[in-house]
Amino acid sequence: MDDRGFLGEKGWGVPVKESGMKSGKLSLFSLTWPLFIETLFGMLIGSTDTFMLSSLSDEAVAAVGVANQLINFTLLLFSVIATGTSVVIAQYLGAGKPGEAGRVAAISITLNFFIGLLVSGSVVLGRGGFLGLFQLSETVHAYGDVYLLWVGATLFTQSLLVTASSILRAHGFTRDAMLVSLFMNLVHIFGNSTVIYGLFGMPKLGVFGVALSTGMSRTLAMLLIFYLMFRRLPYSFTIKDLLSIDGRLLKQILHVGLPSAGEQISYNTSQMVITGMIALLGTAALSTRIYAWTIMSFIFLVGISIGQGTQILIGHLVGAGEFNRAYKQLLRSLRISFFVTLAVAGLVAYFRLPLLDLFTDDPVILGMGGVLLLLTLILEPGRTFNLVVISSLRAAGDAQFPVMMGILSMWGVSVTLSYLLGIYFGLGLVGFWIAFMADEWLRGIIMYFRWRSRIWERKSLIAKMEPEYGSSSVPLEKPQ
């Protein structure tokens, strides 16, 4: 492997030692538009389930919505390795050390495979206890049990899927990850249509069929993305590479991955607690929350995709020691994401009733949901600050501060205010949304000033680790 490394002819055609940047070919737009589409398709899986199951009953929607609280929580466990892998690979490529980047990729695949097997078994065995926390009706509980059994059994394929995706994205192959996401959604939609509506003479299997369709689409996507990964990257893994765990590289992965996952786990846990509070308001309120959140997910995917694209850029820049360019890149990305998010939120607010009407004709749900979607004009720009700035802090190696502040705000502001406003003072779902707004804006402003302080410049993984461990070893190469 020459110095072009992973960003040579198979990537952007930019030398790694120039950090992939100086030719101008590596831009926020070139990275972000495939990430946007990939994230959109990823969100469509959950939205497709919600939309199609709404033709069966609101109980089925509520069951899958609650079950996905656990599924989404377990997926965060996979992000410990995947997120750390993406950042560490980006910094090594920016520093001109592709051999180290290859070893990081091998370690991440092995670790997330075993983590995935453990998570799958835990969800299948513990599904009943989880559902019992929400005081669900008998029908909703039964639906949720079936869904968790079959989706949980295939979660290990998702662990491998997110790992391979993070490796490809860190090397610049965001379009490959996008195509896999498109493929997965097409398979999922076809499978759902077949088992829900009884196409091609198939029996109508309801929630059970949706669970099978979800598991099958993720499994096929995992196989496809590994095929693409081994074709794109200029090295091959051997059994020895996959079983050899380098302690210093693992330390770097966990340095970023653990705090980042900790923040997300705290968020999802707080959301499960809040969902339990909303369930006390009744099935209509729970269904409204799920419908509104499903629609809102298409707003904050703007911040997610720009945040991920910015993370790749800043990871390479920080690895190359170009801190001023990294600093300015975040400010530019933040301005773009803020105004785009506000524009999309405006469209959703304007068309809120037709959008909700796609899911239900219940006048109570339509009324409550319409108010919540109006409030997204305030909520979503604040969330954008978090998504973009935190991704950039993480890319620079500053991962501990966001999780500490996040935990304080999520539980001290979001959960506490949700109970006070939504339950104690009787504001219902509007009270919960006010609590969400306070949490997102507070964290967003704090993270913004953290970036402006430039403390993150002292957190580079390459700068911290290389003096202690020395230079990278011989790169892994793909046989010619």
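A. The arrangement of the overall build of the chain in detail. Of regular secondary structure, the chain possesses 16 helices and zero strands. When each of the 480 residues of the chain is scored for burial, the buried share is 58%. In the chain, the share of contacts with a sequence separation of at least 24, taken over all contacts with a separation of at least 6, comes to 84%. As displayed, the chain has an accessible area near 18,500 Å², and 67% of this comes from carbon and sulfur atoms.

B. Main features of the environment of I274. Residue position: I274 is located in helix 9 (residues 247-279). Since its relative accessible area comes to 0%, I274 is described here as buried. Taking the C-alpha atoms as reference points, I274 and V415, separated by 141 residues in sequence, lie 6.4 Å from one another. When sequence neighbours within four positions are dropped, the list of residues in contact with I274 reads S414, V415, S418, F432 and F436.

C. Spatial organisation of the packing of helix 13 (residues 363-395) against helix 15 (residues 429-453). For the pair helix 13 and helix 15, the least separation of the axes is 8 Å and the interaxial angle reads 20 degrees. As the angle between them shows, helix 13 and helix 15 are arranged roughly parallel. The two elements helix 13 and helix 15 cross, and the hand of that crossing is left-handed. Residues of the contact of helix 13 with helix 15, tallied by class, amount to 20 nonpolar, five polar and four charged.

D. Region of interest: unusual backbone geometry. At R454, a residue that is not glycine, the phi angle is positive and equals roughly 65 degrees. In this fold, R454 is placed in the loop between helix 15 and helix 16 (461-469). We classify R454 as partly exposed; its relative accessible area is 25%.

E. Geometry of the side chain of R248. With respect to the element layout, R248 can be found in helix 9. The class for R248 is buried, based on a relative accessible area of 11%. Separated by 2.5 Å, the side chains of R248 and E100 make a polar contact.

F. Region of the structure containing the nonpolar core. Counting residues in hydrophobic clusters, the biggest one holds 60 residues, and the most contacted among them are L53, F130, Y147, L148, F432 and W433. Ranked by the residues each element gives to this core, the list is headed by helix 2 (residues 58-94), at 11 residues. The contact partners of W433, leaving out residues within four places of it in the chain, are R289, A292, W293, M296, L372, L375, T376 and L379. By size, the runner-up hydrophobic cluster in this structure holds 34 residues, among which are A101, V104, A221 and L461.

G. Region of the structure containing the packing of aromatic side chains. Counted under the stated rule, the structure contains 17 aromatic pairs. With centroids separated by 5.6 Å and ring planes inclined at 85 degrees, the aromatic side chains of W293 and W433 adopt a geometry described as edge-to-face. Here W293 is found in helix 10 (residues 283-319), whereas its partner W433 is found in helix 15, with 140 residues between them in sequence. A single burial state applies to W293 and to W433, both of which are buried. Feature note: the residues F338, F339, F385, W441, Y448 and F449 constitute an aromatic cluster, connected by ring pairs. The ring of F401 is capped by R450, whose NZ or CZ atom sits 4.2 Å from the centre of that ring. Here R454 stacks its cationic end above the ring of Y327, 4.3 Å away from the centre of that ring.

H. Structural detail: the environment of M405. Inspection of the secondary structure assignment puts M405 in helix 14 (residues 400-424). Since its relative accessible area comes to 21%, M405 is described here as partly exposed. On a C-alpha basis, the gap between M405 and R443 in space is 7.1 Å, while along the polypeptide they are 38 residues apart. Contacts of M405, omitting those with residues within four sequence positions, involve R443, I446 and M447.

I. Layout of the pattern of salt bridges. Following the criterion strictly, the structure yields 11 salt bridges and no others. E100 is the salt-bridge partner of R248, the closest N and O atoms lying 2.5 Å from each other. A residue pair is termed long-range when its members are at least 10 positions apart, and R248 in helix 9 and E100 in helix 3 (residues 98-131) qualify at 148 residues. E440 is the salt-bridge partner of R383, the closest N and O atoms lying 3.4 Å from each other. With R383 in helix 13 and E440 in helix 15, the pair connects residues that are 57 residues apart, well separated along the chain. Take R383: its relative accessible area is 6%, and that puts it in the buried class. Salt bridges sharing common partners tie together E263, E380, R383, R394, D439, E440 and R443.

J. How the structure looks around the packing of helix 14 against helix 15. Running from N to C, helix 14 and helix 15 cross one another at 160 degrees; their axes reach a closest spacing of 8 Å. It follows from the interaxial angle that helix 14 and helix 15 lie roughly antiparallel. The hand of the helix 14/helix 15 crossing is right-handed. Partitioned by chemical class, the residues of the contact of helix 14 with helix 15 number 16 nonpolar, six polar and three charged.

K. Broad picture of a nonpolar patch on the surface. A surface patch of nonpolar side chains, amounting to about 730 Å² of accessible area, comprises V371, Y419, L420, Y424, F425, L427, V430 and I434. Mapped by element, the contributors of at least two residues to the nonpolar patch are helix 14 and helix 15. Considering each element in turn, the nonpolar patch owes the most residues, three residues, to helix 14. Mapped onto the secondary structure, I434 falls in helix 15.

L. Structural detail: helix 9. Between its terminal C-alpha atoms helix 9 stretches 45 Å, which fits the 48 Å expected from 33 residues at 1.5 Å a residue. Remark: the principal bend of helix 9, roughly 30 degrees, maps to L254.

Criteria and thresholds
Residues numbered from 1 in each chain as written. Predicted model: local features only at pLDDT ≥ 70, side-chain atom pairs only at ≥ 80, totals over all residues. Heavy atoms only, no water. Helix = DSSP H or I, 4+ residues; strand = E, 2+ residues; numbered from the N terminus. Buried < 20%, exposed > 50% of the residue type's maximum accessible area, 1.4 Å probe, protein only. Contact = heavy atoms within 4.5 Å. Areas by Shrake-Rupley, 256 points an atom, 1.4 Å probe, with all protein chains shown as cover. Axes fitted to C-alpha atoms, helices over the stretch in contact; angles between N-to-C directions. Parallel < 35°, antiparallel > 145°, perpendicular 65-115°, else oblique. Left-handed = near helix turned anticlockwise from the far one by under 90°. Nonpolar A, V, L, I, M, F, W, Y, C, P; charged D, E, K, R; others polar. Polar contact = N/O pair within 3.5 Å; in protein donor to acceptor, adjacent residues only side chain to side chain. Core = buried A, V, L, I, M, F, W, Y, C linked by side-chain atoms within 4.5 Å. Phe/Tyr/Trp six-rings, centres within 6.5 Å; stacked < 30°, edge-to-face > 60°. Lys NZ or Arg CZ within 6 Å of the ring centre and 35° of its normal. Salt bridge = Lys/Arg side-chain N within 4 Å of Asp/Glu carboxyl O. Patch = residues over 30% accessible without salt bridge, like charges linked within 9 Å, V, L, I, M, F, W, Y side chains within 5 Å. Expected span 1.5 Å × (residues − 1). Bend = angle between axes of the 7 residues up to and from the residue.

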